[in-house]
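Commentary on secondary and tertiary structure
Take a look at the letters that make up each chain.
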Amino acid sequence: NYIHCLAGTPVSGDGSMLCMKRYFLLFMLLFPGLFILNSYAVDIALPEMGDSAGALVSPRDEYEIGQAFFWRLQQNTELVEDPEVNSYIQALGYKLAANSDEPTLDFTFFMVPDPSVNAFAAPGGFIGVNAGLLLTAEREDELASVMAHEIAHITQRHILRSFERHKRMTVPRTAAMIAAALLGIADPRAGQAAILAVQGGDIQSMLDYSRAHESEADNLGMQTLVASGFDPHAMPSFFEKLQQASRYYGGDSVPEFLRTHPVTLSRIADARGRAVNYQKQQQPSDELQFYLIREKLRVMMADKSSDLLKHYEHVLAEDSNKNKDPLHYGYALALLKAGQHTKARATLQPLLDKDRDRLAYQLALADIELAVGRVSTALSIYEENQRLYPDDKALSMKQVHALLRTGRPQEAANLLQTQLDLGENSRDVFKLMAQAKGDMGQKSQAHTWLAEYYYRSGLLKAAADQLRLAAEAAGHDEYQRAKIASRLREVEKALAQMEQ
């Protein structure tokens, strides 16, 4: 079957499915740049290649495809690494996923520092949110509506079902369609020409089917939204807002979300019709945190501190009835970014006086202390807040950085181990653990944890190299060497699969 696959000879049954997977991996290797695009919104589609009753790829295969995509994404762009922003987007995502139609699926939520308005899903539960989407949303319900929509794409396996109607195509033809679709995301004009060359008159039927997927995602996403305690009207309202905003600009300024998720007036009307049948199920929600995270992200994304300060000075001077606490918080962070530490502290202090237990304010105060070199004061802030927010990830990660800075690696390692015990497996945890173990003189452990960091980053060869160094540094510790050897075999197997 493998020889037939390379020769372009049609095969059937399991052979065709195997063939399709190899074609997909081949295109990943030949066109790695196509996976990293302006909006990073890559919906990887695989066809159902068996008989009419055949199954789609297994959940394990689906996850491996998504993981390969996520690895490639991390190799080509810097994702948002801020622990507060990541903790927020993950908490919101997991809350929605827990109320979806597949609450047991494993999801990975992450943020891309891209200003375009978009969110996207990849096979295996990988859901990315562009910074531009959070900055554009005016309420948490709006952000949640888009994430719930993407979750529905995952649970219904829309990405893998996209080519299901074309299951009678030959494997090379289907693989060409996949490549053309990916090219279309990178360059719409070139992609359209490629699709025309491959598929011709079937383009409209594919678009129609895509709309069916969108409608299903709207429906299920709204159910998830309501079950999670959010406003069902937020989904059609936000989509309509994006559509109306795009009318004032040229075609190139249409929000990326509308390009990858076509929104029509009839679709918005259908969503509004569904929304009236739901009653919002009130659940405890800290919407202030959404606004604080939005301002923090705005400061992080800004290129010029001078423009950022002018922005906050202007909006704070406006006469409005809205709560300006998030704006004062953002202004304090902007002042900190500009190096105006005294003014930043003075701007933050009224917020602390009003809501001293607000963790975001406490972490901002600690950042100011660190910026002026008062590391011990910052550590005191972290320790005090650990009593109020025990084992909070953002708090713990910032505390780890400060502990390593003051030469206290054992305490840092203890905090990191607690995060690992709680199920936290993001790559920044592994990188910091490697640093802590290295500072403690535990070379084998340091190489082992660094290997896990590289593995999570998709740098499998570097991960394997670190494990070999770890084995060498383990000396005569047979138990440690056996653990390393076992992990090395797993990494080498994954590397071999990626290189096939």
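Structural notes, computed from the coordinates. This structure is a prediction, so every number in the text was calculated from the model and none was measured.

For the rest of this paragraph, the subject is helix H6 (residues 140-155). Between its first and last C-alpha atoms H6 spans 22 Å; for 16 residues at 1.5 Å apiece the expected length is 22 Å, and the two agree. Judged by how many residues are buried, H6 sits mostly within the fold: 16 of 16 residues are covered. Once H6 ends, the next one or two residues include Arg-157, with phi positive near 55°.

As enumerated under the stated definition, the model contains 25 salt bridges in all. For Lys-461, the salt bridge identified is with Asp-465, shortest N-O distance 3.6 Å. In this pair, Lys-461 and Asp-465 both sit in helix H24 (residues 460-474), four residues apart, roughly one turn of the helix. On the basis of relative accessible area, Lys-461 is assigned to the exposed category, the value being 54%. Put simply, Arg-487 and Glu-490 hold a salt bridge, and the shortest N to O gap is 2.9 Å. Linking Arg-487 with Glu-490, this pair stays in helix H25 (residues 478-499), spanning three residues, or about one helical turn. Since its relative accessible area comes to 18%, Arg-487 is described here as buried. Residue classification places Glu-490 among the partly exposed residues on the basis of a relative accessible area of 44%.

Turning to the nonpolar core, a few remarks are in order. The nonpolar side chains of soluble globular proteins are, as a tendency, buried together. Counting residues in each nonpolar core, the largest one holds 55 residues, and the members touching the most others are Tyr-312, Tyr-329, Leu-348, Tyr-361, Tyr-382, Val-400 and Leu-416. Setting aside residues no more than four positions away along its own chain, Tyr-361 makes contact with Leu-288, Leu-292, Asp-325, Tyr-329, Leu-348, Leu-351, Leu-352 and Asp-355.

Here the focus is the packing of aromatic side chains. This structure, assessed with the given rule, holds twelve aromatic pairs. With 5.3 Å between their ring centres and 75° between their planes, Trp-71 and Tyr-455 make a pair best called edge-to-face. Placement of Trp-71 in helix H3 (residues 59-76) and of Tyr-455 in helix H23 (residues 443-456) is noted, with a sequence separation of 384 residues between them. Classification of Trp-71 as buried rests on a relative accessible area of 5%.

As for its placement among the helices and strands, Asp-307 is situated in helix H15 (residues 305-317). Residue classification places Asp-307 among the partly exposed positions, given a relative accessible area of 44%. Sequence-wise, Asp-307 and Ala-334 are 27 residues apart; in three dimensions their C-alpha atoms are separated by 9.8 Å.

Our next topic: H23. Its 14 residues place the ends of H23 20 Å apart at the C-alpha level, agreeing with the 20 Å of an ideal helix rising 1.5 Å per residue. Against the buried residues of H23 lie H3, helix H21 (409-421), helix H22 (427-439), H24 and H25. Just downstream of H23 lies Gly-458, where phi reads positive at about 85°.

Phi at Asp-391 takes a positive value of approximately 65°, unusual for a residue other than glycine. Inspection of the secondary structure puts Asp-391 in the loop between helix H19 (375-388) and helix H20 (393-405).

Turning to the packing of H19 against H20, a few remarks are in order. Between H19 and H20, whose axes approach to 10 Å, the crossing angle comes to 145°. Of the two elements, H19 crosses H20, and the hand of that crossing is left-handed. Contact residues: H19 offers Val-375, Leu-379, Tyr-382, Glu-383, Asn-385 and Gln-386, while H20 offers Leu-395, Ser-396, Lys-398, Gln-399, Ala-402, Leu-403 and Arg-405.

Strands sit in the order S1-S3-S2 across an open sheet of three strands; the sheet is mixed. The open sheet has two edge strands, strand S1 (108-112) and strand S2 (119-122), and neither has a second partner. Neighbour to neighbour, the strand axes of the sheet diverge by 20° on average, direction disregarded. As paired strands, S1 and strand S3 (residues 126-130) are joined by five bridges and run parallel to one another. Its bridge partner being in S3, Phe-109 is matched across the sheet by Ile-127. Packed on one face of the sheet, H3 meets S1, S2 and S3 and runs near 35° to S3. Strands S1 and S3 of the sheet are contacted by helix H4 (residues 83-98), whose axis makes an angle of about 140° with S1.

The rules behind the values
Residues numbered from 1 in each chain as written. Predicted model: local features only at pLDDT ≥ 70, side-chain atom pairs only at ≥ 80, totals over all residues. Heavy atoms only, no water. Helix = DSSP H or I, 4+ residues; strand = E, 2+ residues; numbered from the N terminus. Expected span 1.5 Å × (residues − 1). Buried < 20%, exposed > 50% of the residue type's maximum accessible area, 1.4 Å probe, protein only. Salt bridge = Lys/Arg side-chain N within 4 Å of Asp/Glu carboxyl O. Core = buried A, V, L, I, M, F, W, Y, C linked by side-chain atoms within 4.5 Å. Contact = heavy atoms within 4.5 Å. Phe/Tyr/Trp six-rings, centres within 6.5 Å; stacked < 30°, edge-to-face > 60°. Axes fitted to C-alpha atoms, helices over the stretch in contact; angles between N-to-C directions. Left-handed = near helix turned anticlockwise from the far one by under 90°. Pairing = 2+ DSSP bridges.

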